[in-house]
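Remarks on the overall topology
Chain by chain, the residues run as shown.
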Amino acid sequence: AYNMLDGFFVYKDSKNADSFYDELKDVAADIADKLRRTEALPSVKILIGAFPFSGNEEIDEGFQKALFAEKFNAASRLTDDVVVYNQEMMERNQAQRDLALELDGALEREEFELYYQPKYRLKDKTFYGAEALIRWHHPNRGLLPPSLFIPFAEASGNITSIDYYVFEHLCRSIADWKKNKVPVLTISVNLSRKTIYNPGLLDFFKRTLVKYDVDPRLIEVELTESIAAKDSIYISDMIMKLRKIGFM
């Protein structure tokens, strides 16, 4: 849930919209940096919506469209995002709301299943681990690959719930393998950009590891290069905290 606490409008007479959007991003990044440095309100998010006036719109109409763009996909956006209003947003917003409800139900009914793709080392011809991959057993559409639902999960804000689902079910699998004396190799999991910034992530990891009595050294948390490049200081700190928990 997101509470819109404070907001303001900025208007600039400019012939270069992209340049103006870059200025807005710089302002948002500067505010976010100051919040991180003071450790105050760490979950604050700066959302920016924009509407380029063409001269045919009423001022109030333009501001309302910019406000709609500000709130569009708010659950999945980060501080540096600038969303520009376009005519397709209304229809897309309704479609995403519908799919978000469907994803919520699928998570509750545990319609998602993990598949483990093995990692094979050619040098010594041995399996040295696996990667946890999610699939959706949709009641009407059959087995769906992540490419058909992850983008919608990111847009609707469900992606963190899916990441948590994957991690918990991986821990459940490891516990079952140990109970049945099945050899366990290191399993890697990917985290979305939004999940990395979730303030409750580390506590969730700790609780889940304790709940299933899983050695964190059996799990490898993977962060994409694009995430690391976006905020190297934050990600470096997160990597240190993950290693303190015991992750590979």
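Everything below is about the structure printed above this text.
Since this is a predicted model, take the numbers as computed values, not measurements. (Residues numbered from 1 in each chain as written. Predicted model: local features only at pLDDT ≥ 70, side-chain atom pairs only at ≥ 80, totals over all residues. Heavy atoms only, no water.)

Concerning the environment of Ile235
- In this fold, Ile235 is placed in helix α9 (residues 232–245).
- For Ile235, a relative accessible area of 2% corresponds to the buried category.
- C-alpha of Ile235 to C-alpha of Tyr197: the two residues are 38 residues apart in sequence and 9.2 Å apart in space. (Helix = DSSP H or I, 4+ residues; strand = E, 2+ residues; numbered from the N terminus. Buried < 20%, exposed > 50% of the residue type's maximum accessible area, 1.4 Å probe, protein only.)

A word on helix α5 (residues 159–179)
- Here α5 is 21 residues long and its end C-alpha atoms lie 30 Å apart, about the 30 Å a rise of 1.5 Å per residue gives.
- With its phi angle positive at about 60 degrees, Lys181 sits one or two positions after the end of α5. (Expected span 1.5 Å × (residues − 1).)

Examining the environment of Val27
- With respect to the secondary-structure elements, Val27 resides in helix α1 (residues 17–38).
- Distance in space between the C-alpha atoms of Val27 and Ile46 is 9.6 Å, their sequence separation being 19 residues.

Brief notes about the pairing of strand β4 (residues 126–138)
- Looking at chain direction, strand β3 (residues 112–121) and β4 are connected through ten bridges and run antiparallel. When the sheet's bridge partners are listed, Lys119 is paired in β4 with Gly129.
- With antiparallel pairing between neighbouring strands as the criterion, β3 and β4 make up a hairpin whose turn holds four residues, including Lys125 at a positive phi of roughly 55 degrees.
- Relative to strand β6 (residues 186–190), β4 runs parallel, the two being bridged by three bridges. Paired with Gly129 across the strands is Thr186, a residue of β6.
- The turn linking β4 back onto strand β5 (residues 142–144) is made up of three residues. (Pairing = 2+ DSSP bridges.)

Observations regarding the pattern of salt bridges
- With the rule as written, the count across this model stands at eight salt bridges.
- For Lys119, the salt bridge identified is with Glu220, shortest N-O distance 3.4 Å. With a gap of 101 residues between them, Lys119 in strand β3 and Glu220 in strand β7 (residues 219–222) connect regions that are remote in the sequence.
- Accessibility expressed as a relative area gives 27% for Glu220, which makes it partly exposed.
- Of the charged contacts in the structure, one is a salt bridge between Arg217 and Asp215, with a shortest N-O distance of 2.8 Å.
- Accessibility expressed as a relative area gives 27% for Asp215, which makes it partly exposed. (Salt bridge = Lys/Arg side-chain N within 4 Å of Asp/Glu carboxyl O.)

Considerations on the packing of α5 against helix α7 (residues 201–212)
- It is the contact of α5 with α7, at a shortest axis distance of 9 Å, that shows an interaxial angle of 20 degrees. What the angle tells us is that α5 and α7 run roughly parallel. Judged by the twist between their axes, the crossing of α5 over α7 is right-handed. Along the contact surface, α5 presents Tyr164, Phe167, Glu168, Cys171, Arg172 and Ala175, while α7 presents Leu201, Phe204, Phe205, Thr208, Leu209, Lys211 and Tyr212.
- Residues that form the contact of α5 with α7 fall into these classes: nine nonpolar, one polar and three charged. (Axes fitted to C-alpha atoms, helices over the stretch in contact; angles between N-to-C directions. Parallel < 35°, antiparallel > 145°, perpendicular 65-115°, else oblique. Left-handed = near helix turned anticlockwise from the far one by under 90°. Contact = heavy atoms within 4.5 Å. Nonpolar A, V, L, I, M, F, W, Y, C, P; charged D, E, K, R; others polar.)

Brief notes about the packing of aromatic side chains
- Inspection of every chain in the model, using the stated rule, returns 14 aromatic pairs.
- Ring centres of Tyr116 and Trp177 lie 5.2 Å apart, and the angle between their planes is 70 degrees; this geometry places the pair in the edge-to-face category. Pair noted here: Tyr116 is in strand β3 and Trp177 is in helix α5, with a separation of 61 residues, a long-range link.
- Trp177 gets classed as partly exposed once you look at its relative accessible area, which sits at 23%.
- With a centroid separation of 6.2 Å and 45 degrees between ring planes, the pair formed by Phe204 and Phe205 is classed as tilted. Each of the two residues, Phe204 as well as Phe205, counts as buried.
- Clustering of aromatic rings is evident, with ring pairs tying together Tyr164, Phe167, Phe204, Phe205 and Phe247. (Phe/Tyr/Trp six-rings, centres within 6.5 Å; stacked < 30°, edge-to-face > 60°.)

By themselves, these observations are geometric and do not establish any function.
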